[in-house]
Amino acid sequence: MESNGSATVCNATNSTLFDSCWSKTLLCASDSPTHRLLPILQALILPLYFVFGLGLNGFLLFVVLRYEELRRREFALVLQVVVADLMTVICVFPVVTITRVTGLWSLLGPSWCSLLGFVQILSSAFRYTSMFLLAFDRLNMIFFPFAYPSRGKNIMISLTTAVWVLSLVLATIPLVIQCYGFEVFSGFCTVSIICSNACTIYRYVLDFVLYTSGALLPFIFYSLMFLKSRQINNRITAIGSDSLADESNKRARRTFLLLFVSLMGCSVPLITSFFFAPLKNSRYAEVYWTYVGVSVTLLFTVVLLDPLVIMKHQDVTMCVLKLLRTLKTEFRGRMFPAAAIHPT
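Bear in mind that the values here come from a model prediction, so they are computed numbers and not experimental data.

Conventions used here
- Residues numbered from 1 in each chain as written.
- Predicted model: local features only at pLDDT ≥ 70, side-chain atom pairs only at ≥ 80, totals over all residues.
- Heavy atoms only, no water.
- Helix = DSSP H or I, 4+ residues; strand = E, 2+ residues; numbered from the N terminus.
- Buried < 20%, exposed > 50% of the residue type's maximum accessible area, 1.4 Å probe, protein only.
- Areas by Shrake-Rupley, 256 points an atom, 1.4 Å probe, with all protein chains shown as cover.
- Core = buried A, V, L, I, M, F, W, Y, C linked by side-chain atoms within 4.5 Å.
- Contact = heavy atoms within 4.5 Å.
- Disulfide = S-S within 2.5 Å.
- pLDDT = per-residue confidence, 0-100.
- Polar contact = N/O pair within 3.5 Å; in protein donor to acceptor, adjacent residues only side chain to side chain.
- Salt bridge = Lys/Arg side-chain N within 4 Å of Asp/Glu carboxyl O.
- Axes fitted to C-alpha atoms, helices over the stretch in contact; angles between N-to-C directions.
- Parallel < 35°, antiparallel > 145°, perpendicular 65-115°, else oblique.
- Left-handed = near helix turned anticlockwise from the far one by under 90°.
- Patch = residues over 30% accessible without salt bridge, like charges linked within 9 Å, V, L, I, M, F, W, Y side chains within 5 Å.

Caption draft 1: Focus on the overall build of the protein. Within the protein, the secondary structure is distributed over 12 helices and four strands. In the protein, buried positions account for 46% of the 344 residues. Carbon and sulfur atoms make up 70% of the accessible area of the protein, which amounts to about 17600 Å² in all.

Written out as structure tokens, the structure reads:
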């Protein structure tokens, strides 16, 4: 550990080459002062993320699977975002909450830390790369409205498979080069840059791949869609007609765009932390790492925003209301069987 003023900066050179990534990060965690305020914040927020994230995403998954009218390509793509969110909610949040409340992160051990890191990177990688899938699907619907619908299913199956394989590869590489460690500033087991030069390079490559596929390319796609849709709307206005298919495509495009905006909005604090990276080797290192930890925690707000955005889709809203009415009728039938037999 190196001391700079009042801050303490972790340096991987304190450990030998033969120390595991877990050992190096655990050494830094035991000496770092950044675990004073953030664990309290996470102990309060993460249980709420778990309860509401599990409830909202689980309910949405049930609704989409229950109603046949939602078994369309766009909702099949959306469900994968829900599955990625559930992976994080179920596997990561409870463990992080327990370790933050107790302060006994050392009990995790290298194997559990690597497993949690693998699940987190897998779900995060798929969550970002799925933004490419959603934007690409809507882009083709606008530019190839007649040819794409007949081929869209096969194209999306191929791309979804490729994205899952890519996410698995991105999550597996750190296992091979031993880069999963506990990061005290965030409270999560993830790819740690202090373990080796290879881990540092890989972390930058990972960020580049995720932000390019999940932010830059979708932004370009939606910009092209906006320009193209304006031309289409002008033609429709001139002709004076519109179709139900066009309205359905618009609703799907709006939902996909909102999912993208919610992810980018939750990512802004973490993205801005890159601009303050020089502070991590200064007297303000503790402030910088605390900011990064808070940014990582806020990033996971997306597991709550995703189901809310999807439920705003008109078709999903109608199915949710239909389900609630069905549950209400069944509840009244069970509680008041006579009223159900002889309705007034």
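Structure's up, so let's keep going.
Caption draft 2: Seen up close, the nonpolar core. Within the largest apolar cluster, 76 residues are counted, with the highest numbers of intra-cluster contacts made by Leu70, Phe93, Leu134 and Val316. If one sorts the elements of this core by residue count, helix H5 (residues 109–143) sits on top with 12 residues. With sequence-adjacent residues up to four places away left out, leucine 134 is seen in contact with Leu77, Val78, Val81, Tyr222, Phe256 and Leu259.

Caption draft 3: Representation of unusual backbone geometry in the model. Despite not being glycine, glutamine 178 shows a phi value in the positive range, around 55°. Counting through the fold element by element, glutamine 178 comes out in the loop between helix H6 (148–176) and strand S3 (180–183).

Caption draft 4: How the structure looks around the state of the cysteines. Applying the stated criterion to the full structure yields two disulfides. With a sulfur-sulfur separation of 2.2 Å, cysteine 113 is cross-linked through a disulfide to cysteine 189. The sign of the S-S torsion, about -115°, decides the handedness of the disulfide formed by cysteine 113 and cysteine 189: left-handed. Separated by 76 residues along the polypeptide, cysteine 113 in helix H5 and cysteine 189 in strand S4 (residues 188–191) bring together distant segments of the chain. For cysteine 113, a relative accessible area of 0% puts it in the buried group. In this model, cysteine 179 is linked to cysteine 199 through a disulfide, with the two sulfur atoms separated by 2.0 Å.

Caption draft 5: A look at the confidence of the model for the protein. Overall, the prediction assigns the protein a mean pLDDT of 78, with 79% of residues at 70 or greater. Within the protein, the lowest mean pLDDT, 36, falls on strand S1 (residues 2–4), and the highest, 90, falls on helix H10 (residues 302–311). The low-confidence segment residues 236–242, where pLDDT is below 50, has five contacts with residues more than four positions distant or belonging to other chains.

Caption draft 6: Representation of the side chain of arginine 127 in the model. Structurally, arginine 127 can be placed in helix H5. Of note is the side chain of arginine 127, whose polar atom sits 2.5 Å from the side chain of aspartate 306. In contact with arginine 127, not counting residues within four places along its chain, are Val81, Asp85, Leu259, Ser262, Leu263, Val302 and Asp306.

Caption draft 7: Seen up close, the pattern of salt bridges. Considering all chains together, one arrives at nine salt bridges under this definition. With its nearest N and O atoms 3.0 Å apart, the salt bridge here joins glutamate 74 to arginine 72. Overall, the relative accessible area of 9% leaves glutamate 74 in the buried class. Judged by relative accessible area, which is 27%, arginine 72 ranks as partly exposed. Salt-bridge contacts for arginine 73 lead to aspartate 137; the nearest nitrogen and oxygen are separated by 2.8 Å. With arginine 73 in helix H3 (residues 73–91) and aspartate 137 in helix H5, this residue pair connects regions lying 64 residues apart in the sequence.

Caption draft 8: Highlighting the environment of leucine 86. Take leucine 86: it is sitting in helix H3. Taking relative accessible area as the criterion, leucine 86 reaches 12% and is therefore assigned buried. For the pair formed by leucine 86 and leucine 54, sequence separation is 32 residues and the distance between their alpha carbons is 6.6 Å. Apart from the residues lying within four places of it in its own chain, the contact partners of leucine 86 are Gly53, Leu54, Asn57, Gly58 and Leu61.

Caption draft 9: Broad picture of the packing of helix H2 (residues 38–66) against H3. Two elements in contact, H2 and H3, have axes separated by 9 Å at closest approach and are oriented at 150°. Taken together, the axes of H2 and H3 are roughly antiparallel relative to one another. Like other packed secondary-structure pairs, H2 and H3 cross with a definite hand, here left-handed. Between H2 and H3, the contacting residues are Tyr49, Phe50, Gly53, Leu54, Asn57, Gly58, Leu60, Leu61, Val64 and Leu65 on the first element and Phe75, Leu79, Val82, Asp85, Leu86, Val89 and Ile90 on the second.

Caption draft 10: Up close: a nonpolar patch on the surface. Taken together, the side chains of Phe143, Phe144, Leu216, Phe219, Ile220 and Leu224 present a nonpolar region at the surface, about 560 Å² in accessible area. Considering every element that reaches the nonpolar patch, the biggest residue donor is helix H7 (residues 197–239), with four residues. For phenylalanine 219, the location among the structural elements is in helix H7.

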